[in-house]
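Fold and contact review
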Amino acid sequence: MAVGVLGVSGGLAVGGLVLLAVLGWALQRAVDTEAFQTADAVALLAAEEVLPDPLPVAGGQVRVQVIDAEGRVRAASIDADRLVPMVSPERIDTGARQRLTVSGERVGLAGPVRVVTVPAGTAADPRTVLVARSLADVRHSAHVVRTILLVSFPLLVAVLAAVAWRVVGATLRPVEALRRGAEEITGRDGGGRLPVPASQDEIHRLAVTLNGMLGRLESARDRQRAFVADAAHELRSPLTNIRTELEVARRLADRTDWTAVSANLLADTERLGRLVDDLLLLARLDERPTARATGPVEVGALLAAVAARYPSPPVRLDAPATPLWTEGDPDELRRILTNLVDNAVRHAHGEVVLTAGRGAGGSGAGDGAYHLVTVTDDGPGIPAADRERVFGRFTRLDDARARDDGGAGLGLAIVRELVRRAGGGIVLADAHPGRDGGPGLRVRLLLPALPDPERP
């Protein structure tokens, strides 16, 4: 506010000085113009040798003289001196039009006087017309304007400062409301929203944007809390099982079958290790949403490496006839296929089939932008209503909640995140009916297609 008032005051001061300068120049020019008009009229009379005596003038603030080359007064107006010229002959250029300022005492007027000179007469008898006009009116006008400016500028600055104070206060009032709202939200542990002003201006848009940001932060916080709660629950289950096994074994003492106990403890430990690994992987993916440096990967070789980890039945690989190249991180692509095959093997009744093909488009069209990898099992399948929900974290369907299955509901969530990083897509669909009449499940995995780097 202070800077604004100082800026306005400085601007008004500069404007006032410019106004005074322009006003003085305009009044001075008007005085010179009128004096030259009078001098030209007298010079015309002198050229025709019809100079009256005394010389006619208009107004009591004007003096006129006609002098010769020796400085003698040849004619004068009624109020002008007839013996002493208004300007000393040394300052007069007889052949030029001049503007001079002299003291009013020499002319008989108050204050400074403006004198103009105009050549007149003939070459044999050169003469000069002198016209003097008082500058008292000019000085008085400038003084009046200066006084008005000195009185009105402080009042104007005060009025502008008061108006600006009210306007700035009204403008910042919604900002203060936003500040108070933010303080209350902080006190309520992040809940609530900021007040949105009714005016459709920048502050309104700022409040809407901040509320949107608060909504996203609240959703992220809720997801984080749910994730932590689910992770704690999943981690508690194997720990509880391990503790129960050990307590029972200790109570039974010599009757304990340590072989069975160690097998159970090993199974729970492996489950706990897989869960911790999955949680750490999801944390790394959330921290680094973009994929690291990638290179060309051969899909057929990757499928063969993954299928080799499982017995020939139930996993069967239909290898592609030609190499299929994609772009991505080999470890992440291997993790995608491993999770899909593990899930298929866990639910299949008899067989899991892996296939890969060339030239599948991203929307099912054959535009060749993607390679299609399918993982098909003959298990119970997934209902269409749940095919999007199963990609959520810690999401398991009722038939997958048994402890023996060993899943924590993170496999498909990891798959979707890794597929997104690879620039592909994944869709769940029904397979052909299984042996027991179930629909089965077919996972359609789309990976970006690259040209064969070994082919010129």
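Residues numbered from 1 in each chain as written. Predicted model: local features only at pLDDT ≥ 70, side-chain atom pairs only at ≥ 80, totals over all residues. Heavy atoms only, no water.

**Quick word on helix α6 (residues 299-307)**
A turn of α-helix holds 3.6 residues, and therefore any two residues three or four places apart point the same way. Within the span of α6, buried status applies to Val299, Gly300, Leu302, Leu303, Val306 and Ala307. For α6, the arc enclosing every buried residue in end-on projection is 160°, short of the 170-degree limit, so these residues lie on one face. A side-chain oxygen of the first residue of α6 lies 3.0 Å from the backbone nitrogen of Gly300; this N-cap is Glu298. (Buried < 20%, exposed > 50% of the residue type's maximum accessible area, 1.4 Å probe, protein only. Helix = DSSP H or I, 4+ residues; strand = E, 2+ residues; numbered from the N terminus. Arc of directions from axis to C-beta. Polar contact = N/O pair within 3.5 Å; in protein donor to acceptor, adjacent residues only side chain to side chain.)

**A few points about the packing of helix α7 (residues 330-347) against helix α8 (residues 411-422)**
It is the contact of α7 with α8, at a shortest axis distance of 9 Å, that shows an interaxial angle of 145°. Every pair of crossing elements has a handedness; the one defined by α7 and α8 is left-handed. Residues Glu332, Leu333, Arg335, Ile336, Asn339 and Leu340 of α7 touch α8, and the partners they reach there are Gly411, Leu412, Ile414, Val415, Leu418, Val419, Arg421 and Ala422. Considered class by class, the residues forming the contact of α7 with α8 number nine nonpolar, two polar and three charged. (Axes fitted to C-alpha atoms, helices over the stretch in contact; angles between N-to-C directions. Left-handed = near helix turned anticlockwise from the far one by under 90°. Contact = heavy atoms within 4.5 Å. Nonpolar A, V, L, I, M, F, W, Y, C, P; charged D, E, K, R; others polar.)

**Topic: the side chain of Arg421**
Within the secondary structure layout, Arg421 lies in helix α8. A polar side-chain atom of Arg421 sits 2.8 Å from a polar atom in the side chain of Glu332.

**Remarks on the environment of Pro320**
Looking at the element boundaries, Pro320 is found in the loop between β7 (315-318) and β8 (325-328). The spacing of Pro320 and Thr355 is 35 residues in sequence and 7.2 Å in space, taken between C-alpha atoms. Excluding its chain neighbours within four sequence positions, the residues that come into contact with Pro320 are Gly300 and Ala356.

**So, unusual backbone geometry**
Negative phi values dominate among residues other than glycine, just as trans dominates among peptide bonds. In this structure, Pro54 follows Asp53 across a cis peptide bond, with omega equal to 5°. Mapped onto the elements of the fold, Pro54 is located in the loop between α1 (2-47) and β1 (62-68).

**Let's talk about the side chain of His371**
Residue position: His371 is located in strand β10 (residues 370-377). Among the residues examined, His371 registers a relative accessible area of 2% and is labelled buried. A polar side-chain atom of His371 sits 3.1 Å from the main-chain carbonyl oxygen of Trp325.

**Comments concerning the pairing of strand β4 (residues 113-121)**
Of all nine residues in β4, seven are buried; the element is thus mostly enclosed. Relative to β4, strand β3 (residues 98-102) runs antiparallel, the two sharing five bridges. Within β4, the residue paired with Gln98 across the bridge is Thr117. (Pairing = 2+ DSSP bridges.)

Any functional reading would require information that these geometric values do not contain.
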